[in-house]
Amino acid sequence: MKLSKKQSYSYIFEKRERKVPSPETLMCIPRELVEEFQAFVFDRKGKKVEVAAIDPENELLKNFVRNRFGGDVKWFSAKKEDISFILKHYSRDFKEDIAKLISMGVGINGNIVELAGLIIAYAVAEKASDVHLEPLRNESVIRFRVDGVLHKILTLPKEMHNAVVARLKLLANLKMDDYRHPQDGRIELERFADISLRISTMPTLHGEKVALRVLDDSNKDLSIRHLGFSEQHENIILRNIEKPFGLIVSSGPTGSGKTTTLYGLLHLLKKDKINISTLEDPVEYAVDGINQIQINPRTNLTFASGLRALLRQDPDVMMVGEIRDSETAIMATEAALTGHLVLTTLHTNDAVSVITRFLEMKAEEFAVASTLNLIIAQRLVRKVCDVCKKEVEIDDAIIKKIKERKDIVNALTLMGKEVNKLKGEKFLVGAGCDACLQTGYRGRIGIFEALEINKPIYDLIIGHAPTERIKEEARKNGFYEMIIDGLEKVFSGITTFEEVLRATRNN
């Protein structure tokens, strides 16, 4: 049998200047498919289209071009640097691109594949932590959580919702024909090497709701200074992670950055001579050099059973993603007593309450007092946008809100500041711009309190002292509440009074 010769193609820029096609020509193939197919449209006149590709023989690409354009297609070869050159000049107006696809409806031209890809790319570009696809009676709403706050981004026609959900379920290898039960999975993104998605589906009255958690490892700076710790807190942390055993606890509500803080500590601890293992639910970020274990209740791999098994793996450092029950609390303190450094998280409002919570979960006073080295309590506040920041005098409405919060007034007094003297002072705020979705904020940073357990506090725990008495003793050793840390960041121009008021309102 005689093999047919592979067709040869002229190089797109062999006899012509490398120039940027018009925006209308570029958008003949959306950016996401240019990245996927490594191809672009160079020229289009009527039914005549010139397409350049690294692999013009790609059957998927040929089928797409045939369905999209029909007519007369002339093919050229391209190089990787040509694709990079074209991508640099691509439109980043995701809303406009999505609107074009919506106008095309649910068809055979791959627009649902493109639409799902555009939604994901839009979320990545806006640095969203979560994406919500929410079916309503007559439409579908897409919302992004950016810097902890949900923003309505766009709406889809109701008939497109199921198609987009089906595409996402396919990417996550979920059951396509199961609409009545919640499902969970993970999507690995080829176009974004350091980003993956955790997907959760939930049946609702008007269809399946989808929540996507964007897990981004790219350019993640986990240094404790970058996370927002002050120099004093940094010194306390460095002093305590050098201890060979004991408990370090990060506390706060859901979404306050506790796990990120623990990852930051693990990066400080990670050395060839130390065996580090984690138990997580879920494993959100892959870290080289650390043994990360995904909790799976269906196989009876819980935090408690996993911790019991880990103790037979000769660990030096263990991270337990969360203490949820008495069994895990008791085992964590026992592991710390027997010569291991244990890092974990707990849901409490402040650092001192961690002690009370351990005792409520039946851990013995002696074990708690002996093993607790350091408790970090935290919240996240939004940072003033660097692009649109400006100085303004504090608003009377903000001063009124401050006066209504006794804890804030007391914190300002401890800092040597009077509320009435704030009027006339200037502080940095964001005016609102495209870079921050008109919010005035871009990015988040932690506000912290760090309680170090010393001998006087040890004695107070053994003696069942109330939390206020423990705080009083801690202040003698330099302890200060996270409200003060937050206010310091306001006066430094990092965040605003509004953010500190919002983040600490449950204290």
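S.K.: So what about the confidence of the model for the protein chain? Which residues, and what values?
M.R.: Confidence in the prediction for the protein chain averages 89 pLDDT; 96% of positions are at 70 or higher. Mean pLDDT values for the elements of the protein chain range from 75 in helix H1 (residues 23-26) up to 98 in strand S10 (residues 246-251).

S.K.: Describe in detail the pairing of strand S5 (residues 139-146), supporting the description with residues and values.
M.R.: Working note: regular strand, side chains alternate between the two faces of the sheet. Strand direction decides the pairing type here: strand S4 (residues 130-135) and S5, joined by six bridges, are antiparallel. Each residue of the ladder has a partner; that of Pro135, found in S5, is Ser140. Following S4, the chain reverses through three residues before pairing antiparallel with S5. Sheet analysis places S5 next to strand S6 (residues 149-157), joined by eight bridges and oriented antiparallel. Bridge pairing in S6 places Val141 opposite Thr155.

S.K.: Got a sec to walk through helix H12 (residues 326-337)? Specific residues and values, please.
M.R.: With 12 residues, H12 should reach 16 Å at 1.5 Å per residue; the first-to-last C-alpha distance of 17 Å fits that figure. Taken together, the buried positions of H12 are Thr328, Ala329, Met331, Ala332, Thr333, Ala335 and Ala336. Check the buried side of H12 and you find it contacts S10, helix H11 (303-310), strand S13 (317-320), strand S14 (341-346), helix H13 (352-360) and helix H14 (365-371). Of the residues trailing H12, Gly339 is marked for its positive phi of about 100 degrees.

S.K.: Summarise the environment of Arg167; cite the residues concerned and give the values.
M.R.: Tracing the sequence through the fold places Arg167 in helix H7 (residues 158-171). Accessibility expressed as a relative area gives 22% for Arg167, which makes it partly exposed. Put simply, Arg167 and Leu115 are 52 residues apart on the chain and 9.6 Å apart in space, counted from C-alpha to C-alpha. Discounting chain neighbours no more than four positions away, the residues touching Arg167 are Ile112, Val113 and Ala116.

S.K.: Run through the sheet that holds strand S8 (residues 195-204), naming residues and quoting values.
M.R.: Here we have six strands laid out as an open sheet, ordered S6-S5-S4-S9-S8-S7, and antiparallel in their pairing. Looking at strand neighbours, the two that pair on one side only are S6 and strand S7 (183-188), the edges of this open sheet. Neighbour to neighbour, the strand axes of the sheet diverge by 20 degrees on average, direction disregarded. Sheet strands in contact with helix H6 (residues 111-125) are S4, S5, S6 and S8, and its direction is about 25 degrees off that of S5.

S.K.: Which residues make up the sheet that holds strand S3 (residues 72-77), and what values go with them?
M.R.: With respect to topology, three strands assemble into an open sheet ordered S1-S2-S3, the strand pairing being mixed. Bordering the open sheet on either side are strand S1 (39-45) and S3, each of which pairs with just one other strand. Neighbouring strand axes in the sheet, compared pairwise and without regard to direction, differ in orientation by 20 degrees on average. Relative to strand S2 (residues 48-53), S1 is paired through six bridges, and the arrangement is antiparallel.

S.K.: A description of empty space enclosed by the protein should follow, citing residues and the corresponding values.
M.R.: According to the stated counting rule, one finds one cavity of 30 Å³ or more in the structure shown. In this structure, the largest cavity occupies an estimated 30 Å³ of space. Val146, Asp147, Val149, His151, Arg382, Cys436, Leu437, Thr439 and Tyr441 are the residues that line the largest cavity. Class assignment of the residues belonging to the lining of the largest cavity gives a composition of five nonpolar, two polar and two charged.

S.K.: Would you mind going over helix H17 (residues 455-462) in detail, with residue names and values included?
M.R.: Turning to H17, its buried residues number three or more, namely Ile457, Leu460 and Ile461. Axial view of H17: buried residues confined to an arc of 100 degrees, hence all on one face. In this structure, the buried residues of H17 make contact with H13, H14, strand S18 (441-452) and helix H18 (467-476). Among the residues of H17, the N-terminal cap falls to Asn454, whose side-chain oxygen and the backbone nitrogen of Ile457 are separated by 3.1 Å.

Rules of the game
- Residue indices begin from 1 for each chain and proceed along its sequence in written order.
- The predicted origin of the model limits local features to residues at a pLDDT of at least 70 and limits the giving and counting of side-chain atom pairs to 80 or more, whereas totals for whole chains, interfaces and linings rest on all residues.
- Note: side-chain values were computed over all heavy atoms of the structure, leaving out hydrogens and water.
- Every residue is assigned a pLDDT by the predictor, reflecting its confidence on a scale from 0 to 100.
- In this text, helices come from DSSP runs of H or I with a minimum length of four residues, and strands from runs of E with a minimum of two, each type numbered from the N-terminal end.
- A strand pair is defined by DSSP finding two or more bridges across the two strands.
- What a helix is expected to span follows from its residue count: subtract one and scale by 1.5 Å.
- When accessible area is computed with a 1.4 Å probe and restricted to protein chains, residues below 20% of their type maximum are described as buried, those above 50% as exposed, and intermediate ones as partly exposed.
- Contacts: residue pairs with any heavy atoms within 4.5 Å of one another.
- Working convention: axes come from line fits to C-alpha atoms, limited for helices to the stretch in contact. Angles between N-to-C directions cover 0 to 180 degrees.
- Lining residues are those with an atom within 4 Å of a point, where the points come from a 1 Å grid over the protein atoms alone and group into cavities, where a 1.4 Å probe fits but cannot get out, or pockets, open sets with protein on both sides within 12 Å along at least five of seven lines.
- Grid points are joined across faces, edges and corners, and a volume is the space filled by probe spheres set on the points.
- Residues are grouped as follows: Ala, Val, Leu, Ile, Met, Phe, Trp, Tyr, Cys and Pro are nonpolar; Asp, Glu, Lys and Arg are charged; every other residue, Gly included, is polar.
- It is the directions from the helix axis to the C-beta atoms that the arc portrays.
- Think of a polar contact as two N or O atoms within 3.5 Å of one another; within protein, one of them needs to be a possible hydrogen donor and the other a possible acceptor, and neighboring residues in sequence only count if both atoms come from side chains.

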